[in-house]
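What follows is each chain in one-letter form.
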Amino acid sequence: MIFFEASPDPMWIFDHETQRILEVNNAALARYGYSRSEFLNMSIQDLQPEEDIPAVHEMARRRVSGLQHMGIWRHLTRDRTLLHVDVRVSPIEWQGRVARVGQFRDVTEQVAFKAERARYKADLARQVATAEQAKTHFAAMAAALPGRHVLLGPDGEHIRIASDAFCAFFSANEGTVTGRALFDLLPPGESPPAREGIATLRTLLDHVRETVETQNARGITLGNGEPEEGALVDATAIPVRDTERALSAIILRLDVAEAPADDAPESASDLETEAT
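Described in the following lines is the structure provided in the data block. From a predicted model like this one, the values you see are computed outputs, not experimental measurements.

1. Thoughts on the packing of aromatic side chains
In this structure the tally under the stated criterion is 7 aromatic pairs. Their ring planes at 70° and their centres at 6.2 Å tell us that Y32 and F39 sit as a pair that is edge-to-face. Between the aromatic rings of Y34 and F39, the centroid separation amounts to 5.5 Å while the plane-to-plane angle is 70°, which identifies the pairing as edge-to-face. By way of ring pairs, the aromatic residues W12, Y32, Y34, F39 and F104 are connected into one cluster. Over the ring of F183 we find R202, and its NZ or CZ is 4.0 Å from the ring centre.

2. A word on the environment of A162
Along the chain, the position of A162 falls in strand β7 (residues 159–162). When the C-alpha atoms of A162 and L252 are compared, they prove to be 9.5 Å apart, with 90 residues separating the residues in sequence.

3. Re the pairing of strand β1 (residues 11–15)
With respect to burial, β1 is a largely interior element, 5 of its 5 residues being buried. Pairing analysis gives 5 bridges linking β1 to strand β5 (residues 97–106), with the strands arranged antiparallel. By the bridge assignment, I13 is partnered in β5 with V101. Of the strand pairs in this sheet, β1 and strand β2 (residues 21–24) are connected by 3 bridges, and their pairing is antiparallel. Looking at β2, one finds that F14 is bridged to I21. Counting the residues in the hairpin turn of β1 and β2 gives 5 residues, including Q19, whose phi is positive at 65°.

The rules behind these values
- Residues numbered from 1 in each chain as written.
- Predicted model: local features only at pLDDT ≥ 70, side-chain atom pairs only at ≥ 80, totals over all residues.
- Heavy atoms only, no water.
- Phe/Tyr/Trp six-rings, centres within 6.5 Å; stacked < 30°, edge-to-face > 60°.
- Lys NZ or Arg CZ within 6 Å of the ring centre and 35° of its normal.
- Helix = DSSP H or I, 4+ residues; strand = E, 2+ residues; numbered from the N terminus.
- Buried < 20%, exposed > 50% of the residue type's maximum accessible area, 1.4 Å probe, protein only.
- Pairing = 2+ DSSP bridges.

Have a look at this one:
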């Protein structure tokens, strides 16, 4: 019984039929707070929370052959501190009795850590679900708002949300727009005004990324350069900042413009900046 006495884990021997404790090692005395004489006047059920006793009684009577892992059980110390212990039991003959010897490794901290991790993961999952729901609601609201606007990522390129009016303006479906690069969606422009309009829009978005300030470009041409077909627009790019004031997104709004007969559209060098 050298291992029994020298084990750093609490161990005791109990009668298979009566479940009375027959012997106990020093590690059990230290961890549970009972004296040896107190232990030897107890059954294994005296160490369990009341609600666990039926299951423990059934486990103790189970036939075992060789060392058997019984899983994690709950124990109470003398001062009623709740422990979680990993239980291993093997059959033994003790002073002519059919008995069991049990090893009870304290895993209370590990169980608490796993429970806390599970709570954290559950909380995180709820937060993610809430954020996704809010994102869905926001996207639906944004898409339904009047006006031709689109929410771009901080790169000023990829579309996160596009309004119905924006999609209609470019004859696109909202479901096929999300995630696409803005300039892949825009008509390439076959006329000099249209090519200049795309260059101006690129410069507009670059300025927002550099300055994190609202930028405007009035009277630019997008499409085939035919103003009467609704391709002449005023573009406004508005930065969205995160909690640390860094750029997190860009809102681009396009308003149909009417070009004065004696006034040429702005070029990329004629952008306006507004403080946000």
